[in-house]
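# Examining the three-dimensional arrangement
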Amino acid sequence: MTTNPDNPDGAAVVADGFGLKGPRGWAFRGITFEAAPGSLVAIEGPSGSGRTCLLLALSGRMKPTEGHADVAGLRLPRKMAAVRRLSALGPVPGVSDLDPALTVAEHLRERALLQRRFDGSLKMLLRSPAERRAAARARIDTALAAAGLDLDSLEKGERTSVRDLERLEALRLSVALALIGRPRLLALDDTDLKLSDADREEAWALLRSVAASGVTVLAVCSEAPRDALRISTTATTAQDPAAPGPRGKHARPEQPVQPGRQAQEAGPQAAGADTVPTSLTKVAAEDDTPKNSQTSQTSRSEKNDTNDPSTTNDTNDTTGKGKADALAEACRA
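This one's a predicted model, so the numbers in the text were calculated from it and none came from an experiment.

### Looking at the nonpolar core
The biggest cluster of nonpolar side chains holds 40 residues, and the ones touching the most others in it are Leu108, Leu173, Val175, Leu207, Val210 and Val217. At the level of elements, β3 (40-44), α3 (104-119), α5 (129-147), α6 (167-179), β7 (185-188), α7 (197-212) and β8 (216-221) are the ones that each hand at least two residues to this core. For this core, the element with the most residues is α6, which contributes nine residues. Among all residues touching Val217, those that are not within four sequence positions of it are Ser39, Leu40, Val41, Leu186, Leu188, Leu207, Val210 and Ala211. Counting residues in each nonpolar core, the second largest holds 32 residues, with Ala35, Leu58, Leu76 and Leu185 among its members.

Below is the structure:
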């Protein structure tokens, strides 16, 4: 695990029983770990296992429903706004996407203006326009260097459109934009998506260097590197089978057991009964014995041989109406 605990710029992250439940069930649950400032934390697992929800919850963008987490000593979910101020998002699809129509320079300039507008000190606002532009340029250059993005190496330099960037170049640009705000926590989604083996190694080398500078890095991935602190959402969603609700955003909500035939198939416990009458258990057990199956098969065979409608009616009454009457009588008892 890459750490730099002596750098005060990083944010320590501690989670204890952290969980988030949405309309379709638990996105993640039971997350417990500790990460020192300047750690590289890899959140791994298959798509749909709650990785992005965990990333956004730890960075103060989604409200958890169970447990708690501390980011730089700020308790979640109570201090979500404060956590957002010290954290920054890299690439997160649907949240912080790059605009393919804008150029690299336009993205950098817009982020610098937003940073000055919402995070500028009074002293900076009193400076001359030339001084403010120089300070913004210096901050951009520092972020680009930390992200390893050389504008001169791009096809059209800083005028290159985002749609023309390679996947690794777009990742570096997103990291640079996030680092302009000098965050203590950097969160990235789909870190290794659509990357070749060589590009994947470069991506992780980039994140290791960011973590080594003191910034705590949370990165969602399909497969975590060995030197990272690994948090698996797969293990989280698989544990505790008795926990209520489905897990993962693609899971179906549980369906209530209907009375009658479904309760007969699922058993009285599935219908929510606290106690099961002995007589009901006995009747259900007798109904499921091979004897009934043999009787049914014999009746069907006799029908084919004799073609006697009365025999068929008697059999249906025994296996259909007779079974329902027996169960109803047992329930009343």
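### Section: the confidence of the model for the chain
Residues with a pLDDT of 70 or more make up 65% of the chain, whose mean pLDDT is 76. Of all helices and strands in the chain, the one with the weakest mean pLDDT is helix α10 (residues 278-287) (38), whereas β7 scores best (97). Note on residues 236-320: pLDDT is under 50 here. Beyond four places in sequence and across chains, it has 72 contacts.

### Observations concerning the packing of aromatic side chains
Evaluation of the coordinates by the stated rule reveals one aromatic pair. Over the face of the ring belonging to Trp26 we find Arg29, whose NZ or CZ atom lies 4.1 Å from the ring centre.

### A closer look at the sheet that holds β7
Across the sheet, five strands lie side by side as β6-β7-β8-β3-β9; this open sheet has parallel pairing. Because the sheet does not close on itself, it has two edges, and the strands there are β6 (87-89) and β9 (229-232). Taken pair by pair, the neighbouring strands of this sheet meet at an average axis angle of 20°, ignoring direction. Together, β6 and β7 form the strand contacts of α6, whose direction differs from that of β7 by roughly 150°.

### Quick look at the side chain of Ser59
Note that Ser59 resides in the loop between α1 (51-58) and β4 (66-71). For Ser59, the side chain forms a polar contact with the main-chain oxygen of Leu55, separated by 3.0 Å.

### Thoughts on a positive patch on the surface
On the surface, Arg61, Arg78, Lys79, Arg84 and Arg85 cluster together to form a positively charged patch. Take Lys79: it is sitting in the loop between β5 (74-76) and α2 (80-86). When its relative accessible area of 39% is taken as the criterion, Lys79 is described as partly exposed.

### A look at the packing of α5 against α6
Contact geometry of α5 with α6 gives a least axis separation of 8 Å together with a crossing angle of 135°. The orientation of α5 relative to α6 falls into the category oblique. With respect to the hand of their crossing, α5 and α6 are arranged in right-handed fashion. For the pair α5 and α6, contact is made by Ala143, Leu144, Ala146 and Ala147 and by Arg172, Val175, Ala176 and Leu179, respectively. Broken down by class, the residue content of the contact of α5 with α6 amounts to seven nonpolar, no polar and one charged.

### Considering the packing of α6 against α7
The interhelical angle for the contact between α6 and α7, taken along N-to-C directions, is 15°, at an axis separation of 10 Å. One element, α6, and the other, α7, form an angle in the roughly parallel class. Where α6 crosses over α7, the handedness of that crossing is right-handed. Across from Leu168, Leu171, Arg172, Val175 and Leu179 in α6, the residues of α7 making contact are Asp199, Glu202, Ala203, Leu206 and Val210. Its residues assigned to classes, the contact of α6 with α7 shows seven nonpolar, no polar and three charged.

### Here's the deal with α5
Here α5 spans 27 Å end to end across 19 residues, near enough to the 27 Å set by a 1.5 Å rise per residue. Listing the buried residues of α5 in full gives Arg132, Ile140, Ala143, Leu144 and Ala147. The arc that holds the buried residues of α5, viewed along the axis, is 105°, so those residues lie on one side. Opposite its buried face, α5 presents the exposed residues Thr142 and Ala145, each directed more than 90 degrees away.

### Some details on unusual backbone geometry
Look at the link from Leu76 to Pro77: it is a cis peptide, with omega at 10°. Summarising the element assignment, Pro77 is placed in the loop between β5 and α2. Unusually for a residue other than glycine, Lys194 sits at a positive phi of about 60°. Mapped onto the elements of the fold, Lys194 is located in the loop between β7 and α7.

### Quick look at the environment of Asp227
Secondary-structure assignment places Asp227 in the loop between β8 and β9. The partly exposed category is assigned to Asp227, whose relative accessible area is 25%. As for Asp227 and Ala42, which are separated by 185 residues in sequence, their C-alpha atoms are 9.5 Å apart. Within polar-contact distance, the side chain of Asp227 engages the side chain of Arg208 at 2.5 Å.

What counts and how
Residues numbered from 1 in each chain as written. Predicted model: local features only at pLDDT ≥ 70, side-chain atom pairs only at ≥ 80, totals over all residues. Heavy atoms only, no water. Core = buried A, V, L, I, M, F, W, Y, C linked by side-chain atoms within 4.5 Å. Buried < 20%, exposed > 50% of the residue type's maximum accessible area, 1.4 Å probe, protein only. Helix = DSSP H or I, 4+ residues; strand = E, 2+ residues; numbered from the N terminus. Contact = heavy atoms within 4.5 Å. pLDDT = per-residue confidence, 0-100. Phe/Tyr/Trp six-rings, centres within 6.5 Å; stacked < 30°, edge-to-face > 60°. Lys NZ or Arg CZ within 6 Å of the ring centre and 35° of its normal. Pairing = 2+ DSSP bridges. Axes fitted to C-alpha atoms, helices over the stretch in contact; angles between N-to-C directions. Polar contact = N/O pair within 3.5 Å; in protein donor to acceptor, adjacent residues only side chain to side chain. Patch = residues over 30% accessible without salt bridge, like charges linked within 9 Å, V, L, I, M, F, W, Y side chains within 5 Å. Areas by Shrake-Rupley, 256 points an atom, 1.4 Å probe, with all protein chains shown as cover. Salt bridge = Lys/Arg side-chain N within 4 Å of Asp/Glu carboxyl O. Lys, Arg positive; Asp, Glu negative; His and termini not counted. Charge placed at Lys NZ, Arg CZ, Asp CG, Glu CD. Parallel < 35°, antiparallel > 145°, perpendicular 65-115°, else oblique. Left-handed = near helix turned anticlockwise from the far one by under 90°. Nonpolar A, V, L, I, M, F, W, Y, C, P; charged D, E, K, R; others polar. Expected span 1.5 Å × (residues − 1). Arc of directions from axis to C-beta.

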